[in-house]
Amino acid sequence: MFRLLGLVLSIGLADSLNPTTIAPALYLAATDHPKARVGQFTAGVFVVYFLGGALIAFGPGELLLALVPKPSHTTRYVLELIAGAAMLVAAALLWRNRARLSTRKAPEPSTEGRSSAILGATITAVELPTAFPYFAVIAALVGSGLGPVHQLILLALFNVCFVLPLLGILATLWWAGDRATEVLGRWRAFLQRHWPVLLSGVALVAGLIVIGLGVTGLTGRARVRHLLHHISMIRLRP
């Protein structure tokens with residue numbers, strides 16, 4: 001359970017620095033009724049991402065688990081190593097292309113004729129099929145052997161991590177008062193210039209954490225096997 005918790009938190013926080021959701025939220029924060037709009041947008045993102053993950057986990061995920069043998073602990077730890085290595089590769093690519101990526105203009109979505117909640121839901125629904133970090137978490141939950149309630153709790157926790165930047169924008173609107181527009185404007189300018197570096201750093205840290213989980217799992221099982229072998233040898237002695 002604690003291993004899964006570390007996996008969920010690390011990947012969720014890395015995945016949260018997503019320009020596709022942060023940029024529209026910052027744009028909505030500069031429009032009329034910003035608190036309501038950012039709150040609705042955040043709710044739309046959270047609900048669709050959570051429900052989409054739950055449908056995958058308890059639909060195709062459970063079906064796939066029924067068709068293939070349940071993965072061993074060693075296999076899970078190896079998959080953790082692979083997932084961590086993939087995050088390190090992503091971090092390296094972001095760092096290598098940071099100059100080019102930082103020159104891309106942040107999107108400014110049109111909100112005419114639609115609510116902010118529908119905007120958030122639509123953006124998330126479009127992004128969901130390519131949400132590979134989310135799929136890695138879902139696969140880990142499906143193969144964990146935990147009951148549906150625990151899986152849903154961890155899935156919800158991942159989504160809380162995913163919308164943390166949006167909650168930060170909403171908190172700024174509530175607490176910064178008249179200075180909120182100025183503060184968020186500086187945030188937007190900073191993220192526009194540095195988001196590839198920030199995301200690269202978070203992906204690096206998250207990847208190292210996930211690799212650490214896999215390594216400690218493998219070495220822990222090796223120590224247990226060695227101890228059991230030692231005990232059996234003692235019992236076999238006359």
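These numbers were taken from a predicted model, which means no experiment stands behind them.

Each value, and the rule that gives it
- Residues numbered from 1 in each chain as written.
- Predicted model: local features only at pLDDT ≥ 70, side-chain atom pairs only at ≥ 80, totals over all residues.
- Heavy atoms only, no water.
- Helix = DSSP H or I, 4+ residues; strand = E, 2+ residues; numbered from the N terminus.
- Buried < 20%, exposed > 50% of the residue type's maximum accessible area, 1.4 Å probe, protein only.
- Contact = heavy atoms within 4.5 Å.
- Areas by Shrake-Rupley, 256 points an atom, 1.4 Å probe, with all protein chains shown as cover.
- Phe/Tyr/Trp six-rings, centres within 6.5 Å; stacked < 30°, edge-to-face > 60°.
- Core = buried A, V, L, I, M, F, W, Y, C linked by side-chain atoms within 4.5 Å.
- Patch = residues over 30% accessible without salt bridge, like charges linked within 9 Å, V, L, I, M, F, W, Y side chains within 5 Å.
- Salt bridge = Lys/Arg side-chain N within 4 Å of Asp/Glu carboxyl O.
- Polar contact = N/O pair within 3.5 Å; in protein donor to acceptor, adjacent residues only side chain to side chain.
- Expected span 1.5 Å × (residues − 1).
- Arc of directions from axis to C-beta.

Q: When you look at the overall build of the protein chain in this model, what are you seeing that I'm missing?
A: Looking only at helices and strands, the protein chain features ten helices and zero strands. In the protein chain, the order of α-helices and β-strands from amino to carboxyl end is α-α-α-α-α-α-α-α-α-α. The 238 residues of the protein chain split such that 36% are buried. In the protein chain, of all internal contacts separated by at least 6 residues, the share reaching a separation of at least 24 is 84%. For the protein chain, the exposed area adds up to about 13,400 Å²; of that, 71% sits on carbon and sulfur atoms.

Q: What am I meant to see in the side chain of Thr 124 here?
A: By the element assignment, Thr 124 lies in helix α6 (residues 116-127). Owing to a relative accessible area of 2%, Thr 124 belongs among the buried residues under this scheme. Excluding residues within four positions of it along the chain, Thr 124 makes contact with Val 45, Val 48 and Tyr 49.

Q: Help me out: how do you make sense of the packing of aromatic side chains in this one?
A: A ring pair, where both rings are aromatic, is described by two values, the distance of the centres and the angle of the planes. What the rule picks out here adds up to five aromatic pairs. On the numbers, 4.8 Å between centres and 5° between planes, the contact of Tyr 134 with Phe 158 is stacked. A residue pair is termed long-range when its members are at least 10 positions apart, and Tyr 134 in helix α7 (residues 132-142) and Phe 158 in helix α8 (residues 148-162) qualify at 24 residues. Put simply, the rings of Tyr 49, Tyr 134, Phe 158 and Phe 162 touch in pairs and so form one group of aromatic residues.

Q: Before we go on, may I ask you to explain the nonpolar core in this structure?
A: By size, the foremost hydrophobic cluster in this structure holds 42 residues, and its most contacted members are Phe 41, Tyr 134 and Ile 169. Only α1 (2-16), α2 (19-28), α3 (34-67), α6, α7, α8, α9 (164-175) and α10 (180-236) provide two or more residues apiece to this core. Here this core takes seven residues from α3, the largest share from any one element. Phe 41 has contacts with Thr 21, Pro 24, Ala 25, Leu 28, Ser 116, Ala 117, Leu 119, Gly 120, Ile 123 and Leu 166, leaving out every residue within four places of it along the chain.

Q: Hey, could you run me through a nonpolar patch on the surface in this one?
A: A surface patch of nonpolar side chains, about 290 Å² in accessible area, is lined by Leu 13, Val 160, Leu 164 and Leu 167. Look at Leu 164 and you get partly exposed, because its relative accessible area is 39%.

Q: How should the side chain of Thr 172 be read in this particular structure?
A: The topology assignment puts Thr 172 in helix α9. In contact with Thr 172, other than residues within four places in its own chain, are Gly 177, Ala 180, Val 183, Leu 184 and Trp 187.

Q: Explain unusual backbone geometry here, please?
A: Among all residues except glycine, the phi angle is most often negative; among peptide bonds, the trans geometry is most common. For His 33, which is not a glycine, the phi torsion comes out positive at approximately 50°. Its relative accessible area of 63% is what places His 33 among the exposed residues.

Q: Mind showing me how you'd approach α2 here?
A: Within an α-helix, residues lying three or four positions from one another point in the same direction, as the helix has 3.6 residues per turn. Extensive coverage of α2 is indicated by the burial of seven of its ten residues. You can read the cap of α2 off the contacts: a side-chain oxygen lies 2.9 Å from the backbone nitrogen of Thr 20, and it is on Asn 18.

Q: Please clarify how α9 should be interpreted in this entry.
A: The end-to-end C-alpha separation of α9 is 16 Å, in line with the 16 Å expected for twelve residues at 1.5 Å each. All buried positions along α9 are accounted for by Pro 165, Leu 166, Ile 169, Leu 170, Thr 172 and Leu 173. For α9, the buried positions fall inside an angular range of 155° around the axis, keeping them on one side. Exposed residues pointing more than 90 degrees away from the buried face of α9 are listed as Trp 174 and Trp 175.

Q: What exactly am I supposed to notice about the environment of Ala 171 here?
A: For Ala 171, the position within the fold is in helix α9. For Ala 171, a relative accessible area of 32% corresponds to the partly exposed category. Spatially, the C-alpha atoms of Ala 171 and Gly 39 are 9.8 Å apart, while their sequence positions differ by 132 residues.

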